[in-house]
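Remarks on the overall topology
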Amino acid sequence: MDASTTYFIIASVSAFGGALLKLLYDSKCSHLNICFGCVELERDIKSEVEVEEHKHQERRSSHTEENSSSV
């Protein structure tokens, strides 16, 4: 195997791992099984949901302020 193939395989595996971690972080599941149960995760998502709701309310209020100032 030459060096370019090795770099390609390492980059592909790293990209897949990064995408998997992002998917797991963005999910709102409280219990996760990965690799057919080899890895099990329990997460407290209550605080994450509260933060998302707060961000959503801020975006909604700023959008409403922009619309009222343009009228």
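Residues numbered from 1 in each chain as written. Predicted model: local features only at pLDDT ≥ 70, side-chain atom pairs only at ≥ 80, totals over all residues. Heavy atoms only, no water.

1. Describing the pairing of strand 1 (residues 31–34)
Burial of the side chains of strand 1 is restricted to one face: L32 and I34 are buried, whereas none of H31 and N33 on the reverse face is. The loop that links strand 1 with its antiparallel partner strand 2 (residues 39–42) comprises four residues; one of these, C35, has a positive phi angle of about 60°. (Buried < 20%, exposed > 50% of the residue type's maximum accessible area, 1.4 Å probe, protein only. Helix = DSSP H or I, 4+ residues; strand = E, 2+ residues; numbered from the N terminus. Pairing = 2+ DSSP bridges.)

2. What to know about the pairing of strand 2
With four bridges connecting them, strand 1 and strand 2 associate as antiparallel partners. Residue pairing across strands places L32 opposite L41, the latter belonging to strand 2.

3. Section: the side chain of R43
By secondary structure assignment, the location of R43 is in the loop between strand 2 and helix 2 (46–70). R43 has contacts with L24, Y25, S27, C29, S30, L32 and E48, leaving out every residue within four places of it along the chain. (Contact = heavy atoms within 4.5 Å.)

4. Considerations on the environment of F36
The topology assignment puts F36 in the loop between strand 1 and strand 2. Using a relative accessible area of 90% as the deciding quantity, one classes F36 as exposed. Separated by 23 residues in the primary sequence, F36 and R59 have C-alpha atoms spaced 39 Å apart.

5. What to know about a nonpolar patch on the surface
Taken together, the side chains of M1, F8, I9 and V13 define a hydrophobic patch exposed on the protein surface, amounting to about 490 Å² of accessible area. Its place among the elements puts F8 in helix 1 (residues 3–26). Exposure remark for F8: the relative accessible area of 58% places this residue in the exposed category. (Patch = residues over 30% accessible without salt bridge, like charges linked within 9 Å, V, L, I, M, F, W, Y side chains within 5 Å. Areas by Shrake-Rupley, 256 points an atom, 1.4 Å probe, with all protein chains shown as cover. Salt bridge = Lys/Arg side-chain N within 4 Å of Asp/Glu carboxyl O.)

Function cannot be read off these values alone, since they describe shape.
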